[in-house]
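Structure at a glance
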Amino acid sequence: MFEVRNLSYKYPRNREMTIRGMNFDIRQGEIFGLLGPSGVGKSTTQKIMVKLLTDFEGSIYYRNRDLKIYDKDYYQEVGVGFEVPVHFSKLTAEENINFFKKLYKNQADTDTLMKRLGIFEDRKKKVSEFSKGMKIRLNFVRAMLNNPVMLFLDEPTIGLDPANARILKNLIKEYREGGGTVLLSTHLMNDVDELCDRVAFMANGKIVETDTPQSLKRKYGESSVEITYVKGDNLQKKSFEMETLSKNNEFFELVRNEKIVSMHSKETTLDDIFIKVTGVESYA
Amino acid sequence: MPNFLVLLVGELKRMVEYKIAAASVVVALIWIGILYLTEIPDITFIFPLLIFVDATSMAILMVGVTIFFEKQEGSLRAILVSPISKTDYLLSKVVVTVTSSVLTLIVLYIYALLFKDINLSLIGLLSAVILVAFFHAQIGFILSYYSRDFTSLLVNMMKYLFIFFMPTLLVYTGIINHELFDKAVYLAPTTAAMTLLNASTGNVESGDLIYALAYLGIGSVILFVFVLRLFDSFAAREGGV
Ligand SMILES: Nc1ncnc2c1ncn2[C@@H]1O[C@H](COP(=O)(O)OP(=O)(O)O)[C@@H](O)[C@H]1O
Ligand SMILES: [Mg+2]
């Protein structure tokens, strides 16, 4: 779907480059996750790919054609979900959706989408009366109103309660099942773990690692067993590597001789990998 | 429905919902109030002046207000990622603005016909208003591109009116009467606008009329091309925030 090569970008008023030579591909039918700490350039990358920022360096190919060749018709087939609300606040939700919908050749069943997201009942309310979460859900409806073949989602679950985040994630998965392709940027590991087929870690305006969540876990993962046991009057903890457990005498000694309080196996989460790869604590 | 019509209808609807239409009705009422308070029964001389103030400043303001609402609410970004050509986007605003000026003119004219003496060509005035409002809608775009917020747009509009309108007005009313100054004001778009509107009274020489028509006609086209060109960098600036 997309081939991005040596993408670099500097905001006109900044001195430093924000994006410094990114390389990645997005394959048709996958959810591609762009992961990285706040301020690393995820939204900037999205803005470049939806042609809001045009004077970038490097090349972007969409369906084997230079992105720069596409005119406004590009938007007939892509959907853009922004991080912040982008509605006419003095119009109702329905008026907002209908206004934009009429601009497209292909029109989605937005009533069903609004019902699924729980904002159908409030469709005749002005958006200014909407809560933050409702506006975010309306953003998603807006992104989907042309049945896009390619969907850009920037932090789609931020500002949603867990129940609505669940619904939204299901909709994203269904969209992929229906053949859609997604570029999803986020700093939340849960979203990536659950949704993404492949994920790219961003650090310093570059991609430092791209893989499936599973093989990333395998690659960086170290699983271990943590044992808590009684030693005198105190509790003590000790960790053993899972891989070498069967040959670890210290482990067997401990299990045989001490009073065990608990035993846990621990696998590296994407969270741990995130910190390792980007060098930044996420706040998932 | 072609996208231009969708934009036009959307623009009209927002004029109402955002109370911009109501504001321009209030302004029209103020003009009626001024006509009402005017002692002289024959208002042929003052009428083009009112229309001039309305068509220039309201055109700048209406274009500016809609753009600033869109910037502020982020809806501009939704527009920028929609299959809309910039020509359609800009022209929809121009058409609404020009229509509003025309409506104001018609309301004022009806009032003048009913309650005052007025002796000028409505057709001439209508054509003049369309051209003047179109031209100043372009000024509105340019000022909006370069104004940080609505307040700074207001200030910039004041500057524009002060620099161009004051000299025009001083010469028009005969307060200043100096050969060099009389010539210099021909450079101002406001003089061309005033001349064109005033032509409806029949008190303008045909040379001046042709000059004013050419100035605003050619000027509008050049400005519109300019506005289209500048839109890309404006969009990159606003879309990228
Ligand atoms: N409009 C802008 N002008 C200048 N700098 C910007 C602008 N938008 C973002 N930046 C800077 O670019 C960097 C990346 O921002 P962004 O892409 O929003 O990060 P992320 O989405 O990963 O949190 C940040 O350092 C931010 O300050
Ligand atoms: Mg972001």
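The following refers to the structure shown. Within each chain, residue numbers correspond to sequence positions counted from 1 in written order. Lettering of chains starts at A and numbering of ligands starts at 1, both following the order in which they are written. Where totals are concerned, whole chains, interfaces and linings use all residues; where local detail is concerned, this predicted model gives features only for residues with pLDDT of at least 70, and gives and counts side-chain atom pairs only at 80 or more. Only hydrogens and water are set aside; all other atoms, that is, all heavy atoms of the structure, feed into the side-chain values.

1. Concerning the interface of chain A and chain B
What counts is decided by this rule: Residue contacts are defined here by distance: any two heavy atoms, one from each residue, within 4.5 Å place the two residues in contact. Buried area: the sum, over both parts, of the accessible surface (1.4 Å probe) that disappears when the two are put together. Within this document, salt bridges are pairs made up of a side-chain nitrogen of Lys or Arg and a carboxyl oxygen of Asp or Glu, the two lying within 4 Å of each other. For this analysis, a polar contact is any N or O atom pair within 3.5 Å, provided that within protein one partner can donate a hydrogen and the other can accept it, and provided that sequence-adjacent residues contribute only side-chain to side-chain pairs. Secondary structure elements follow DSSP: runs of H or I no shorter than four residues count as helices, runs of E no shorter than two count as strands, and numbering proceeds from the N terminus. Residue polarity is assigned by list, with Asp, Glu, Lys and Arg as charged and Ala, Val, Leu, Ile, Met, Phe, Trp, Tyr, Cys and Pro as nonpolar; anything else, Gly included, falls into the polar class.
Across the boundary between the two partners, chain A contributes 26 residues, which contact 27 residues of chain B. Taken over both partners, the interface formed by chain A and chain B buries close to 2,500 Å², and the fraction arising from carbon and sulfur atoms is 65%. Three residues, Leu52, Phe88 and Leu103 of chain A, lead the burial of chain A against chain B; their summed loss comes to 24% of the area buried on that side. Applying the counting criterion to the chain A and chain B interface returns two salt bridges. Note that lysine 126 of chain A and glutamate 17 of chain B form a salt bridge whose closest N and O atoms lie 3.7 Å from each other. Connecting chain A to chain B are six residue pairs in polar contact (both at pLDDT 80 or more). Of all the elements in the fold, those that place two or more residues in the side of chain A that touches chain B are α2 (74-77) and α3 (93-101) of chain A. With three residues, the single largest contributor to the side of chain A that touches chain B is α3 of chain A. Its residues assigned to classes, the side of chain A that touches chain B comprises 16 nonpolar, three polar and seven charged.

2. Some words on the packing of helix α5 (residues 132-144) of chain A against helix α6 (residues 162-177) of chain A
Helix-helix packing is characterised by the crossing angle of the two axes and by the distance between the axes. Residues and elements named next belong to chain A. Note the cut-off: Interaxial angles span 0 to 180 degrees and are taken between N-to-C directions of axes, which are lines fitted to C-alpha atoms, for helices over the stretch in contact. Each angle is binned into one of four classes, with values under 35 degrees roughly parallel, values over 145 roughly antiparallel, values of 65 to 115 roughly perpendicular, and all other values oblique. Crossings are classed by handedness, with left-handed meaning an anticlockwise turn of the near helix from the far one by less than a right angle and right-handed meaning a clockwise turn.
For the pair α5 and α6, the least separation of the axes is 11 Å and the interaxial angle reads 10°. Comparing the axis directions of α5 and α6 gives the class roughly parallel. With respect to the hand of their crossing, α5 and α6 are arranged in left-handed fashion. Of α6, the residues touching α5 (which contributes Arg137, Phe140 and Met144) are Asn164, Leu168, Leu171, Ile172 and Tyr175.

3. Structural notes on the site of ligand 1
Put simply, the test is: The criterion for a residue being near a molecule or strand is simple. One of its heavy atoms has to lie within 4 Å of it.
Around ligand 1 lies a shell of 15 residues, among which Asn14, Gly39, Lys42, Ser43 and Thr44 of chain A are the nearest. The local environment of ligand 1 is shared, drawing residues from chains A and B. Backbone polar atom of glycine 39 of chain A to an oxygen atom of ligand 1: 2.6 Å apart, as the coordinates give it. Contact distances for ligand 1 include 3.0 Å between an oxygen atom and a backbone N or O atom of glycine 41 of chain A.

4. Observations regarding unusual backbone geometry
Most peptide bonds take the trans configuration, and most residues that are not glycine carry a negative phi. Residues and elements named next belong to chain A. Rule in force here: Note on exposure labels: buried denotes an accessible area under 20% of the residue type's maximum, exposed denotes more than 50%, and partly exposed covers the range between, all computed with a 1.4 Å probe on protein chains only.
In this model, glutamate 155 sits at a positive phi of 50°, which is unusual for a non-glycine residue. Here glutamate 155 shows up in the loop between β7 (150-154) and α6. Overall, glutamate 155 belongs to the buried group, its relative accessible area being 6%. Not every positive phi belongs to a glycine, and asparagine 204 is a case in point at roughly 55°.

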